[in-house]
Amino acid sequence: MASTGPTSTLEGGISSAISSFKAAQNEATAQSLQVATEITKINGVANATKKIGPA
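Conventions we followed
- Residues numbered from 1 in each chain as written.
- Predicted model: local features only at pLDDT ≥ 70, side-chain atom pairs only at ≥ 80, totals over all residues.
- Heavy atoms only, no water.
- Salt bridge = Lys/Arg side-chain N within 4 Å of Asp/Glu carboxyl O.
- Helix = DSSP H or I, 4+ residues; strand = E, 2+ residues; numbered from the N terminus.
- Buried < 20%, exposed > 50% of the residue type's maximum accessible area, 1.4 Å probe, protein only.
- Patch = residues over 30% accessible without salt bridge, like charges linked within 9 Å, V, L, I, M, F, W, Y side chains within 5 Å.
- Areas by Shrake-Rupley, 256 points an atom, 1.4 Å probe, with all protein chains shown as cover.

(A) Inspection of the pattern of salt bridges at higher detail. Under the definition given, this model contains one salt bridge. A salt bridge links Lys41 to Glu38, with the shortest nitrogen-to-oxygen separation between them at 3.4 Å. A residue pair is termed a helical-turn pair when its members lie 3 or 4 positions apart in one helix, as Lys41 and Glu38 do in helix α1 (residues 4-52) at three residues. Of the residues examined, Glu38 reaches a relative accessible area of 38% and is grouped as partly exposed.

And the structure:
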């Protein structure tokens, strides 16, 4: 039983690290999508401006 304590503690630490990594990965994905959306909006306005303006 003595080996169960450190092993379960280590497994708990690994699970915690994996959970933290997944949360950070999800946040990074959301931020990346937000940036891409903003760039698309800016490009849309730029393209509309080109069409409206004199060639």
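After that view, the rundown keeps rolling.
(B) Representation of a nonpolar patch on the surface in the model. A cluster of nonpolar side chains, namely Leu10, Ile14 and Ile18, defines an oily patch on the protein surface of about 280 Å² accessible area. Here Ile14 lies in helix α1. What makes Ile14 partly exposed here is its relative accessible area of 44%.

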